[in-house]
Amino acid sequence: MERYLRRNRLSEMLDGLGLRALLYLLATGWFMWLWGMTLPTLLAGAALGTLLCAARREWRKRTVHRREKALRSRLGAELMLEDMLMAESREAHFRAALLLAEKWPITLQTVKEEGVLCCQGEETLLVQCIRMPEDAELSVGDLLAAQRAARRVKADRAILCPLGKASPKVLAKAEGALVPLRIIPRSTLLAIAGQFSPATD
């Protein structure tokens, strides 16, 4: 493995040297085509080549930074949802409601065993975190349980935040539910959590 890594680092270094040499040659060739073979041509080519290498270095730095930021967001989001999966029901509901409040104008009011009662305009919402593994699917039974809970706490609608999947069949059932339901997919939770709590060193 170490041998492979040494070869990989060497190939990267040679690629970088080759690209820099190519940039200098192209810059010099451009000025030679314009002015012919003179000392100012070589100086201008060296200056332009240096500028191109500096621009490439800055572009690579920004690319690495952008990739690192995306990776930290993804890892932080996954860790947060994993914590919600292992947390007690009240804590999981509360964290889900906090995530939604980062994206939508809702006001948290009361944390209950059934979920978190929130206010959005004139409506009362019940936010629930459905704790399940990533590869598990939300069921019709979960929808019925959410509707009963919303009626019990006198909420106008329920917002479900499943930590697993939601099939098209379940999404269709939620749209036609007697008590209005909205399902926030895992991908949306990950996107919000990544901005809210990126991974750190």
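Residues numbered from 1 in each chain as written. Predicted model: local features only at pLDDT ≥ 70, side-chain atom pairs only at ≥ 80, totals over all residues. Heavy atoms only, no water.

Chemist: Got a minute to help me understand the pairing of strand E1 (residues 107-111) in this structure?
Modeler: Successive side chains on a regular strand alternate, one facing one side of the sheet and the next facing the other. Note that E1 and strand E2 (residues 116-120) share four bridges and pair antiparallel. Bridge pairing in E2 links Leu 108 to Cys 118. Once E1 ends, the chain turns through four residues before running back antiparallel as E2, passing Gly 115 with a positive phi of about 155°. (Pairing = 2+ DSSP bridges. Helix = DSSP H or I, 4+ residues; strand = E, 2+ residues; numbered from the N terminus.)

Chemist: Please explain the nonpolar core as it appears in this structure.
Modeler: Soluble, globular proteins show a tendency: their nonpolar side chains are buried together. Of all hydrophobic cores here, the largest spans 23 residues; its most connected members are Leu 81, Met 84, Leu 100, Cys 118, Val 127, Cys 161 and Leu 189. When contributions to this core are tallied by element, the ones reaching two or more residues are helix H2 (39-86), helix H3 (89-103), E2, strand E3 (123-130), strand E4 (157-162) and helix H6 (186-196). Residue contributions to this core peak at five residues, all from H3. If sequence neighbours within four positions are ignored, Cys 118 has contacts with Ala 97, Ile 106, Thr 107, Leu 108, Gln 109, Glu 123, Thr 124, Leu 125 and Val 127. Formed by 19 residues, the second largest nonpolar core is a distinct cluster that contains Leu 138, Ala 158, Val 170 and Val 179. (Core = buried A, V, L, I, M, F, W, Y, C linked by side-chain atoms within 4.5 Å. Buried < 20%, exposed > 50% of the residue type's maximum accessible area, 1.4 Å probe, protein only. Contact = heavy atoms within 4.5 Å.)

Chemist: I'm lost on the packing of aromatic side chains in this one. Help?
Modeler: Think of a pair of aromatic rings as described by two things: how far the centres are apart, and how the planes are tilted against each other in angle. This model, assessed by the stated rule, comprises zero aromatic pairs. Above the plane of the ring of Trp 104 lies Lys 103, whose end atom (NZ or CZ) is 5.5 Å from the centre. Arg 182 extends its terminal NZ or CZ atom over the ring of Trp 104, reaching a point 4.9 Å from the ring centre. (Phe/Tyr/Trp six-rings, centres within 6.5 Å; stacked < 30°, edge-to-face > 60°. Lys NZ or Arg CZ within 6 Å of the ring centre and 35° of its normal.)

Chemist: What's the story with a nonpolar patch on the surface in this structure? I'm lost.
Modeler: There is a patch of nonpolar side chains on the surface, built from Phe 94, Leu 98 and Val 111 and spanning about 200 Å² of accessible area. Residue position: Val 111 is located in strand E1. Classification of Val 111 as partly exposed rests on a relative accessible area of 33%. (Patch = residues over 30% accessible without salt bridge, like charges linked within 9 Å, V, L, I, M, F, W, Y side chains within 5 Å. Areas by Shrake-Rupley, 256 points an atom, 1.4 Å probe, with all protein chains shown as cover. Salt bridge = Lys/Arg side-chain N within 4 Å of Asp/Glu carboxyl O.)

Chemist: So what exactly am I meant to see when it comes to the sheet that holds strand E5 (residues 181-183) here?
Modeler: Whether parallel or antiparallel, the strands of a sheet pair through hydrogen bonds between backbone atoms. Across the sheet, which stays open at both edges, the five strands sit in the order E1-E2-E3-E4-E5 with mixed pairing between neighbours. Looking at which strands have only one partner, the edges of the open sheet turn out to be E1 and E5. When strand polarity is set aside, the average angle formed by the axes of neighbouring strands in this sheet is 25°. With five bridges connecting them, E2 and E3 associate as antiparallel partners. The residue of E3 that forms the bridge with Cys 118 is Leu 125. (Axes fitted to C-alpha atoms, helices over the stretch in contact; angles between N-to-C directions.)

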